[in-house]
Amino acid sequence: SRMRFPRELVEEIRSRNDIVELIGSYVNLKRAGANYSGLCPYHSEKSPSFTVFPATQSFYCFGCGAGGTVIQFIMAKENLDFMESVKFLAQRSGMTLPERQTPAQSREMAIRRDKKERMLQMHKEGLLFSKKPLKVEQYSNS
């Protein structure tokens, strides 16, 4: 089973990697009003249609439609999947990630899974009992 990071952790990692600074290390960005623009790293172009939005910490290319957060940028630029991209950004900002569940956590999970399966089993057996026909008294209207 693959490890999933809690949303708060992903948000924390994103907030620690400023998008302008990050993309600026790959793309030559020029200030354009409140935003920054540059040549798109994903398709060849002569005039910059690649824009970085500091306010929303996102990017978008009006030429090829690529866009997203620092995570999507790294996924595409470094050819990584979501999880690898999150790890990459965590390391880049000096954060240490929980590599795997601790033995105690996986034991706890196993116990919970066990209990759940036992409950389901009991439930199934309970259903079998209730399927036995019940005697229904017949009342006649005499």
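It should be noted that the structure appears before, not after, this text.
What counts and what doesn't
Residues numbered from 1 in each chain as written. Predicted model: local features only at pLDDT ≥ 70, side-chain atom pairs only at ≥ 80, totals over all residues. Heavy atoms only, no water. Core = buried A, V, L, I, M, F, W, Y, C linked by side-chain atoms within 4.5 Å. Buried < 20%, exposed > 50% of the residue type's maximum accessible area, 1.4 Å probe, protein only. Helix = DSSP H or I, 4+ residues; strand = E, 2+ residues; numbered from the N terminus. Contact = heavy atoms within 4.5 Å. Pairing = 2+ DSSP bridges. Arc of directions from axis to C-beta.

Draft legend 1. A look at the nonpolar core. Residues Ile 13, Ile 23, Phe 50, Val 52, Phe 59 and Phe 73 are the most contacted members of the largest nonpolar core, which totals 27 residues. Of all elements in the fold, only α1 (7-16), α2 (19-24), β3 (50-53), β4 (58-61), α3 (70-78) and α4 (82-92) reach the threshold of two or more residues within this core. With residues up to four places along the chain from it excluded, the contact list for Phe 73 reads Leu 22, Ile 23, Tyr 26, Val 27, Pro 41, Tyr 42, Phe 50 and Phe 59.

Draft legend 2. Main features of unusual backbone geometry. Phi at Gln 57 takes a positive value of approximately 50°, unusual for a residue other than glycine. Structurally, Gln 57 can be placed in the loop between β3 and β4. Taking relative accessible area as the criterion, Gln 57 reaches 23% and is therefore assigned partly exposed. For Asn 79, which is not glycine, the phi dihedral falls at a positive 55°. Turning to its location among the elements, Asn 79 is positioned in the loop between α3 and α4.

Draft legend 3. View of the pairing of strand β2 (residues 35-38). Pairing of strand β1 (residues 30-32) with β2 involves 3 bridges; the strand directions are antiparallel. In the sheet register, Arg 31 faces β2, and the bridge partner there is Tyr 36. If you look at the hairpin formed by β1 and β2, you'll find 2 residues sitting between the two strands, and Gly 33 has a positive phi there, around 70°. Pairing analysis gives 3 bridges linking β2 to β3, with the strands arranged antiparallel. Following the sheet pairing, Gly 38 is matched in β3 by Phe 50.

Draft legend 4. A look at α1. Where α1 is concerned, the buried positions are Leu 9, Val 10 and Ile 13. Angular distribution of buried residues about the axis of α1 spans 100°; they occupy a single face of the element. For α1, the exposed residues lying more than 90 degrees away from the buried face are Arg 7, Glu 8 and Ser 15. Where α1 is buried, its residues touch α3 and α4.

Draft legend 5. Structural context of the environment of Arg 92. Residue position: Arg 92 is located in helix α4. Arg 92 sits in the partly exposed class, given a relative accessible area of 33%. Considered as a pair, Arg 92 and Ile 13 are 79 residues apart in the sequence and their alpha carbons are 9.4 Å apart. With residues up to four places along the chain from it excluded, the contact list for Arg 92 reads Asn 17, Glu 21, Leu 22 and Ser 25.

Draft legend 6. How the structure looks around the side chain of Ser 37. Residue position: Ser 37 is located in strand β2. Ignoring any residue separated from it by four or fewer positions in sequence, one finds Ser 37 in contact with Asn 28, Leu 29, Lys 30, Ala 32, Pro 48, Phe 50 and Thr 51.

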